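Letter by letter, the chains look like this.
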Amino acid sequence: MSMDHDDPPRATRRGLAGSLSALALAGFSLVLTLSLAVSGVLGGRAASVLAPMTFMAVVVCLWQSLRAAGIITLGRPLHRRHGFWLVLLLTLLALPQLGSFSLIDPWETHYAEVAREMSARGDFISTWWGQEGWFMSKPVSSFWLEALSMRALGAQTAPGQVLSGPAGHFAHPEWAVRWPGFLFMLVGCYLLYRGVSAGAGRHAGMLVGIVLATAAQWVLASRQALTDTPFVGALTAGFGLLLWGWSTPEAARTQRHQLGVGRVSITCDASWLLTALILCALVPQLLLLLFTPPLHAGSVGNCGLPSQPACAPVPLAHAWLSPALQAAVWSALLAPLVRSVTRERRTRRLLLLGGWYALGLATMAKGPAGFALPLTAAGVYLLLQGRLRELGRGELVRGGALLVLLVAPWYVAMYARHGRLIIDELVLRHMLGRALDHLHDTNAGDDVGFRYYVWQLGYAMFPWIGLVPAALLAATRARADRSESSQRVLDLALLWLVVSFSLFTFMQTKFHHYILPAVPALSVLTGLYLAELWHESSPRERHRAAVAHVLGLGGAILVACVGLDLVRPVRAGIPGSARLLHLLSYKYTRAWPAELDFTVPLLVFSAACSIITLLFGSARGRRGLIAAQVCAAVAFAGWLGQHYLVKLGPAFGQRHVIEAFYRDRSNSAEPLIAYQLNWKGENFYTGNRLAIFVSSGQPLHTYLQERRAAGDTVFHFVLETARLATLRAELGRVQSFELLTERQHSDKICLVRVELR
């Protein structure tokens, strides 16, 4: 509906004012809930109820505001919209207990510590990492998001204050650290649903969204603060916008809406939203260039501690590239792009530009794969279709300019500050080096060839993995009743899968979690296959029925094999259930507490999904089987996120260890010593306020002697449990040596209280 009249009706004005007021109230309630959860005043259970409630209130009020403004014009109420139920499902699966368990070492604490230092140092350009100096292994956007979230929600980032809450409460900064990742994964899944819906129908889009929302690796990643989370969330959003744009006719134009507030009237359309998003991503970068303090090394407030580098000014590598000059150049390039976008009225072009924007965010999070994966898939598709002329309508110029403007300012600023260090470390070592050589690899004894990611996709797509072979076969089979737009969605998803699988298989450095970008592609194929089954009305031909029975039996066996793998030990002392955690973690040989046994629920889910998959070979009751599989997948996803991952927190994080230290110390001056430890949880949860001896020996003895001379006799050590005997031997005869944490909480990290003679 277009609103061309100059003066909107008073009722519309009142409705919009009321909706916006409700939206503001809901937003305030959400921020207040999260802030109280971060401070520790609001307990984990209460926060797990109130956070989803207030977030969904924001979603409902936002929809009502858009409808009151005339931007949403379709007559269907909210409760009859597939997208609403998908957002609700994603919220209920990911948001409860999001911040109620420890950040998991090493990746979550690794990146959270960089973000904490960014906030504590007030330097949002140069990234610093604990006691190890400049951090140059990942681009910056994940750290910006986490640091902004911590500041916005009141998380303490000063040394020694990270776990400090009011009235003696222990804070839960995990809510703030994980919040941006949750939003990225939710928006990514929702926009993929919209893109598939535009090409294949709302029902197919909904099934794709459900498959993705309940796939094991997506569930786990949605509840983690990894650089892969905003990377894959934005990548998925970009792919969804690409599908949406290509399913929109070139002749379609955006609807213009006239908003009246008092005597002021504003005419706007979708280009305003895209322009606002562009400015929100770029203007803060320009402000950071102008207002970031001079370059200093060191962890502010901790520089006098052992192993901590000195706090000192650092000369700029290229002083001629002044912040003012950089800001002026980027502003000059931004102005014509913004002018061009605000004048754009073609819906297709705006959606494609939105896709470029999402790919820019993905690139800011993880590197060139953010744009290389989808552009390669789209380019190969057009080449195979003989439609290369459509590249001219793919917004290559404006989209490429937008991509450069989003990504380049931080790289240039880092080059101006650090010179070749950013190129040598980030670009050559961590980007090219990971592709061409084994960097930090932990796959000793594993087959890292073609099988490697086939193997991991079995766990990543559980419990849907049994339907994947049938979905792949269906995607490559032509159907007379399949529309051109549906076929395009299938083809692009297949190419997305092939390109991502090929890239990560080619890379020499391999981690289990690298295959996450392939999970949305497989989810699209699986969801579309289910949609075709749902709508299939004619009886199958004999040969197709035979193939269906074979696929059902094969899929059931595949689910059973993956399920057995999840309960069969990886190696001595490490159960099969660790394979799910390995989709997120780094060191696959890390010890596993004997008390964490997930065998029974994994066997139950495996058996149920195996039986359902077997029955898919029959032509009867397909809709009931799809519903049963959806219910089983939702139950598994809920168990995985709300039980499995939460139970692992104490064993694979250090929150409980640092809490034990703060409870036991007699005064704030008592030192904490990290003994032969470098997992980064000890850095984050203490605000890097600790004496670090990765290699001990004489430096440790000298430090202890100095502290004893100052009157200290009691010391706390955080260390790996396996090094307890080494610490005892190195300290020699002591007055007391007391283990303050229980092995049932963590077989890996412990806290020791030592009183010297």
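Residues numbered from 1 in each chain as written. Predicted model: local features only at pLDDT ≥ 70, side-chain atom pairs only at ≥ 80, totals over all residues. Heavy atoms only, no water.

**Digging into the overall build of the protein**
The number of helices and strands found in the protein is 27 helices and nine strands. Here the protein has a C-alpha radius of gyration of 27 Å; the compact-globule value for 757 residues is 27 Å, and the two agree. Structurally, the protein occupies a C-alpha span of about 85 × 65 × 50 Å along its principal axes. In the protein, buried positions account for 57% of the 757 residues. Residue pairs in contact within the protein that sit at least 24 positions apart in sequence constitute 78% of those at least 6 positions apart. Surface accessibility of the protein: about 30000 Å² in total, with carbon and sulfur atoms responsible for 64%. (Helix = DSSP H or I, 4+ residues; strand = E, 2+ residues; numbered from the N terminus. Rg over C-alpha atoms; globule rule 2.2 N^0.38 Å. Buried < 20%, exposed > 50% of the residue type's maximum accessible area, 1.4 Å probe, protein only. Contact = heavy atoms within 4.5 Å. Areas by Shrake-Rupley, 256 points an atom, 1.4 Å probe, with all protein chains shown as cover.)

**Section: the packing of helix α17 (residues 468-475) against helix α19 (residues 518-535)**
The N-to-C vectors of α17 and α19 enclose an angle of 80°; their axes lie 8 Å apart at closest approach. Judged on the interaxial angle alone, α19 and α17 are roughly perpendicular. Every residue of α19 that contacts α17 at V468, A470, A471, L472, A474 and A475 is listed here: L522, L525, T526, Y529 and E532. Taken together, the residues of the contact of α17 with α19 break down into nine nonpolar, one polar and one charged. (Axes fitted to C-alpha atoms, helices over the stretch in contact; angles between N-to-C directions. Parallel < 35°, antiparallel > 145°, perpendicular 65-115°, else oblique. Nonpolar A, V, L, I, M, F, W, Y, C, P; charged D, E, K, R; others polar.)

**Describing the confidence of the model for the protein**
Looking at the protein as a whole, its pLDDT mean stands at 90, while 95% of the residues score no less than 70. Confidence drops under pLDDT 50 across residues 1-11; counting only partners more than four residues distant or on other chains, this segment forms 20 contacts. (pLDDT = per-residue confidence, 0-100.)

**Focus on unusual backbone geometry**
In this model, D105 is joined to P106 through a cis peptide bond whose omega is -5°. Within the secondary structure, P106 sits in the loop between α3 (82-94) and α4 (107-121). The omega angle of the peptide bond from F462 to P463 is 10°, so this bond is cis rather than trans. Here P463 lies in the loop between α16 (451-460) and α17. For Q676, which is not a glycine, the phi torsion comes out positive at approximately 50°. Along the chain, the position of Q676 falls in the loop between β5 (672-675) and α25 (681-685). A positive phi angle, near 65°, is found at N688, a position not held by glycine. By the secondary structure assignment, N688 is in the loop between α25 and β6 (691-693).

**Here we look at the packing of helix α6 (residues 174-200) against helix α7 (residues 202-214)**
Running from N to C, α6 and α7 point in directions that differ by 150°, and their axes come no closer than 7 Å. Taken together, the axes of α6 and α7 lie roughly antiparallel to each other. As α6 packs across α7, the resulting crossing turns out to be right-handed. Contact residues: C189, L192, Y193, V196, S197 and A200 in α6; R202, A204, G205, M206, V208, G209, L212 and A213 in α7. For the contact of α6 with α7, the per-class residue count stands at ten nonpolar, three polar and one charged. (Left-handed = near helix turned anticlockwise from the far one by under 90°.)

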